[in-house]
Amino acid sequence: MRSTILTWATGFLVGWASLAANAEKFQHLADTPAMGWNSWNTFDCNVDESMIREMADAMVESGMKAAGYEYINIDDCWHGERDVKGNIQVNKERFPSGMKALADYVHQRGLKLGIYSDAGNTTCAGYPGSRGYEYQDARTYAEWGIDYLKYDWCDTENINPIGAYTTMRDALKRAGRPILFSICEWGDNQPWSWAQDVGHSWRVSGDIYPCWDCELSWGSWSSWGVLKILDMRADERLRQYAGPGHWNDYDMLEVGNGMTEAQDRSHFTLWAMLNSPLIAGNDLRNMSDATRDILTNRDIIALNQDVLGVQAMKYLHQGELMIYVKPLEGGDWAFMFLNRGDTPLSYTHDWAHHFEVKDDQFGHHINFHDQQFTWRRLWRDGEGDTSKPLRLKLAAHDVAVLRLSPVR
C-alpha cells in the first residue's frame, strides 16, 4: 500500500517537530504495544460486517482475548461515498447495519474496534481519503465508537507528513473519544524522529509479505519478508525512539499465513522482542493449533508487554546466528538466539566469555562475573543458570528464547 516516496529537508522536519511537541495526543492508550487483529493480510478488500463479527467471536473463543489481544481492525475498503455534507459513509452492501452497530457488537465482547483511513485524497485501494476532512472524519469515528485508527500514506503527493499526521492527531483529540493513532507512512520520512508526540506507533517499513527472506516487487514499491524488515532499519538505532506510548511498528503479523512453523515462531518472537504492536493477520476462525499456540504464548507476549518498555538490542551477529537481548522489569532479561540460516545450527554460549552486556541507550548492564542468573526457556521446557555454558541446537529459521532472572 504505497505511493510515490516523499523526501523533506531536515530543517523543515525540525520545524514541524517543534510545533508538534506543543500539542497533545491521547495518553495511556499504548503504554505497552497494541495487540489485536487486522483484516488486510488475509482478506485484502474482501471485508464485511459478518466476517468482522466472526473475527471478534473467534478472538474470544480462541483464547486470544484472554492472552491480551483486544483490537479488531478493519483495514481498507469499508468505505462508501461522502454524503452531501461531506460525511463519510460505510459501504451499505458490506456493512448494512452500519459501523456503530458493529462497534457495539465488538464492544459487547470486551474488545475494541479499529478502522482505516488515509492522509491523501484517496486510500491505497482508491476509496475516499481524509485529506481536507480530518476533523469531520474524526468526529464521525468518535460517534461510531471507533477505538483505533490506522492512517495510511497513499495519494499524498506534495503533502508534508508531519503536518498531515499532526492535523489528524489534533482532529482525533478534538473529537473527544480516545482513539489509538497508528501512523502508517512506511518509514519514508523517518517518523521515529518526529512522531513520538503525534501517534502511538509508526511504521518503519513498507508492507510485510508472508515469507522469511524475500522481496516482492510491485513495480514502484515492494513488500518485504521478515528478515528484510528486520535488516532494513538495523543501522538506524530505532530503539532509542520507542517506549511507553510510542512504538516502532514493524507491520502486522504473518503468523499462520503460509510460512513454516519455525519461521512463524521466530517472526512472532522478533516482533515481541522489538516491542512492535502484535497485530495478527491470519483468519482467526480456522487457524491451526500450532498457529494458536504461537499467537497465545504468554511468556513471549510478556516480553512485548513488559512495562519497562525497552526494545531489544542486537547483541551478536555471527554468521547465521543472531542474539538479541532485552532488559525487563525487575532486573530480568530476555535473550533470543535466532538461526537465520537454511540449515541447523549448533551453538554454545559461554556466559563467562560473553560476560558483559551494556545497553548504553537505556542504562542497563549485566556482568556475569559479578552476578549469577537463573534462566528458563520460553518455547520449550528447559531451565538452568549462568554458572555453566548454554548449549543450543537450532533448526533452520528457528529461535530459542531464555528469560533470565537474577539470583538475589
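Residues numbered from 1 in each chain as written. Predicted model: local features only at pLDDT ≥ 70, side-chain atom pairs only at ≥ 80, totals over all residues. Heavy atoms only, no water.

(A) Representation of the packing of aromatic side chains. Overall, the coordinates contain 17 aromatic pairs when judged by the stated rule. Plain terms: the ring middles of Y165 and W194 are 6.4 Å apart, the flat faces sit at 40° to each other, and that makes the pair tilted. Residue Y165 is located in helix α7 (residues 161–175), and its partner W194 is located in the loop between β7 (180–183) and β8 (201–203); the two are separated by 29 residues in the primary sequence. Both residues of the pair, Y165 and W194, count as buried. Relative to F373, the ring of F368 lies with its centre 5.6 Å away and its plane at 70°, an arrangement referred to as edge-to-face. (Phe/Tyr/Trp six-rings, centres within 6.5 Å; stacked < 30°, edge-to-face > 60°. Helix = DSSP H or I, 4+ residues; strand = E, 2+ residues; numbered from the N terminus. Buried < 20%, exposed > 50% of the residue type's maximum accessible area, 1.4 Å probe, protein only.)

(B) Broad picture of the packing of helix α3 (residues 49–61) against helix α5 (residues 99–108). For the pair α3 and α5, the least separation of the axes is 9 Å and the interaxial angle reads 10°. Overall, the two elements α3 and α5 adopt an arrangement that is roughly parallel. The residues of α5 that touch α3, namely those facing E49, I52, R53, A56 and D57, are L102, Y105 and V106. Class assignment of the residues belonging to the contact of α3 with α5 gives a composition of five nonpolar, no polar and three charged. (Axes fitted to C-alpha atoms, helices over the stretch in contact; angles between N-to-C directions. Parallel < 35°, antiparallel > 145°, perpendicular 65-115°, else oblique. Contact = heavy atoms within 4.5 Å. Nonpolar A, V, L, I, M, F, W, Y, C, P; charged D, E, K, R; others polar.)

(C) Main features of unusual backbone geometry. With a phi angle near 60°, N275 is a residue other than glycine that sits in the positive phi range. Of note, N275 is situated in the loop between α9 (261–273) and β12 (278–280). Look at H397: it is not a glycine, yet its phi comes out positive at around 65°. Take H397: it is sitting in the loop between β21 (390–394) and β22 (399–406).

(D) Local environment of the state of the cysteines. Applying the stated criterion across every chain, the model contains three disulfides. Put simply, C124 and C154 are joined by a disulfide, and their sulfur atoms are 2.0 Å apart. Of note, the bridge from C124 to C154 carries an S-S torsion of about 95° and is right-handed in sense. Taken as a pair, C124 in the loop between β5 (112–118) and α6 (134–144) and C154 in the loop between β6 (148–152) and α7 lie far apart in primary sequence, 30 residues in all. Given the relative accessible area of 26%, C124 is considered partly exposed. (Disulfide = S-S within 2.5 Å.)

(E) Representation of the sheet that holds β12 in the model. One open sheet accounts for eight strands, arranged β11-β8-β7-β6-β5-β2-β1-β12; its pairing is parallel. This sheet does not close on itself; its edge strands, each paired only once, are β11 (247–249) and β12. The mean angle between the axes of side-by-side strands here comes to 25°, regardless of whether they run parallel or antiparallel. Relative to β6, β5 runs parallel, the two being bridged by five bridges. Bridge assignment links S117 to a residue of β6, and that residue is Y151. (Pairing = 2+ DSSP bridges.)

(F) Up close: α3. For α3, built from 13 residues, the straight-helix expectation of 18 Å at 1.5 Å per residue is met to within 8% by its first-to-last C-alpha distance of 18 Å. Where α3 is buried, its residues touch β1 (35–38), α2 (40–43), α4 (64–67), β2 (71–73), α5 and β5. Between a side-chain oxygen at the N-terminus of α3 and the backbone nitrogen of S50 the separation is 3.1 Å; the capping residue is D48. At the C-terminal side of α3, G63 shows a positive phi close to 95°. (Expected span 1.5 Å × (residues − 1). Polar contact = N/O pair within 3.5 Å; in protein donor to acceptor, adjacent residues only side chain to side chain.)

(G) The arrangement of the nonpolar core in detail. In this structure, W37, I72, W78, M99, L113 and F268 are the most contacted members of the largest nonpolar core, which totals 103 residues. What I72 contacts, discounting residues up to four positions off in sequence, is W37, I52, M55, A56, M59, V106, L111, K112, L113 and G114. Residues W333, F337, I366 and F368 belong to the second largest nonpolar core, which totals 22 residues. (Core = buried A, V, L, I, M, F, W, Y, C linked by side-chain atoms within 4.5 Å.)

(H) Looking closely at the packing of α6 against α7. The interhelical angle for the contact between α6 and α7, taken along N-to-C directions, is 45°, at an axis separation of 8 Å. In terms of axis orientation, α6 runs oblique to α7. Once α6 is placed against α7, the crossing between them reads as right-handed. Seen from α6, the contacting residues are E134, Y135, A138, R139 and A142; seen from α7, they are T167, M168, D170, A171, L172, R174 and A175. (Left-handed = near helix turned anticlockwise from the far one by under 90°.)

(I) Molecular detail of α7. Between its first and last C-alpha atoms α7 spans 21 Å; for 15 residues at 1.5 Å apiece the expected length is 21 Å, and the two agree. Two or three places before I162, at the opening of α7, N160 has a side-chain oxygen 3.0 Å from that residue's backbone nitrogen. A positive backbone phi angle near 95° is found at G176, which sits one or two residues after α7.

(J) Focus on the pairing of strand β16 (residues 345–349). Residues L345, Y347 and H349 line the buried face of β16, whereas the alternating positions S346 and T348 sit on a face that is not buried. Alignment of β16 against β21, held across five bridges, turns out to be antiparallel. Residue T348 lies in a different strand from β21, and its bridge partner there is R391.

(K) Up close: the sheet that holds strand β15 (residues 333–339). Pairing is antiparallel across the open sheet formed by six strands, whose spatial order is β13-β14-β15-β22-β19-β20. Each edge of the open sheet is held by one strand with a lone partner, namely β13 (313–318) and β20 (383–385). Averaged over all pairs of adjacent strands, the angle between their axes in this sheet comes to 20°, without regard to strand direction. Pairing of strand β19 (residues 373–377) with β20 involves three bridges; the strand directions are antiparallel. Among the inter-strand pairings, W375 is bridged to a residue of β20, identified as G384. Docked against the sheet, α9 engages β14 (321–327), β15 and β22, running at close to 145° with respect to β15.

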